[in-house]
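Coordinates in review
If you want the building blocks of each chain, they are given just below.
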Amino acid sequence: MIKKCLFPVAGYGTRFLPATKSQPKEMLPVVNKPLVQYGVEEAIEAGLTEVGFVTGRGKRAIADHFDISYELENQISGTGKEKYLSSIRKVMEEGTFTFTRQKEMLGLGHAILTGRTIVGNEAFGVILADDLCVDQEEGVMKQMVNLYNQFRCSIVAIEEVPEDEVHKYGVIEGENIKEGLYRVTNMVEKPSKEDAPSNLAIIGRYILTPDIFEIIENTPPGRNGEVQITDALLTQAKKGCVMAYKFRGKRFDCGSVKGFVEASNYVFENLYEDD
Ligand code: G1P
């Protein structure tokens, strides 16, 4: 049973400056809920109730968000405003939250390796909160956990993207074993259009088996001089098995201002419940 989910949240959020000058980008609200809470709710829905954050300096607001605010509780308890706290109360009841700091930003692979002390020696999920996935019957992580229970190997979520966007993603090549499921044979981090092996882009959902940690330790810096999880996964794919799964649902790239605004509009129109 997978119980743990890592959230690498150490990034600076430069694309959202000045909004992210003194607050974490993961706390920016998509309508009335911070971006990171959507990801945490998705993890908990999948049964991954032990949530681990790989954070950095200036990210304390995330830890405060997943803890009780006595002052607020005191003010709001017994009033008609309590309903506004219901979603975060539910998350706090169902999940546990652990924090570790990534002292230097050396890439996503390095961030995941930093989470090793939280994960230990078991399979775990990774959610990049920037990729907001909404409006499916079953969350993407839950879909992936179901697959993991069948295949028992690392899994990445993928989506078809236009050719001129492949340079933003890790891109896979694989043997199509059934509808929407590939056994990975190659993967490249942020390739040019010319070098991309396909247009199947990895989005920020992973299930990783714990042997990935040792592989990351032995993975040299790759694209942009950073330790890339994509490179480590390719090693794992060559040794054993990595699956790529075309998830059901809708994804927004909240790492870009455009995607963030689109997500906000979508959530407001389709999911937000006003009182
Ligand atoms: C990271 C990964 C990349 C993946 C992407 C998904 O890149 O390195 O392989 O496709 O997340 O969002 P980042 O967006 O952090 O540059």
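Residues numbered from 1 in each chain as written. Predicted model: local features only at pLDDT ≥ 70, side-chain atom pairs only at ≥ 80, totals over all residues. Heavy atoms only, no water.

1. Things to note about the overall build of the chain
If you tally the helices and strands in the chain, you get ten helices and 13 strands. Computed over its C-alpha atoms, the radius of gyration of the chain comes to 18 Å, within 12% of the 19 Å expected for a compact globule of 275 residues. C-alpha atoms of the chain, sized along the principal axes, occupy 55 × 40 × 40 Å. The proportion of buried residues among the 275 residues of the chain is 51%. Sequence-distant contacts, at least 24 apart, represent 76% of the contacts inside the chain between residues at least 6 apart. (Helix = DSSP H or I, 4+ residues; strand = E, 2+ residues; numbered from the N terminus. Rg over C-alpha atoms; globule rule 2.2 N^0.38 Å. Buried < 20%, exposed > 50% of the residue type's maximum accessible area, 1.4 Å probe, protein only. Contact = heavy atoms within 4.5 Å.)

2. Comments concerning the site of the ligand
As a matter of local geometry, the ligand sits amid 13 residues, with Asp-131, Gly-170, Glu-189, Lys-190 and Ile-202 nearest to it. The contact in question runs from an oxygen atom of the ligand to an N or O atom on the side chain of Glu-189, over 2.7 Å. Compared with its free state, where it exposes 380 Å², the ligand has 73% of that area covered by protein. The greatest single-element share of the shell around the ligand, amounting to four residues, is contributed by strand E11 (residues 200-208). (Near = heavy atom within 4 Å. Polar contact = N/O pair within 3.5 Å; in protein donor to acceptor, adjacent residues only side chain to side chain. Areas by Shrake-Rupley, 256 points an atom, 1.4 Å probe, with all protein chains shown as cover.)

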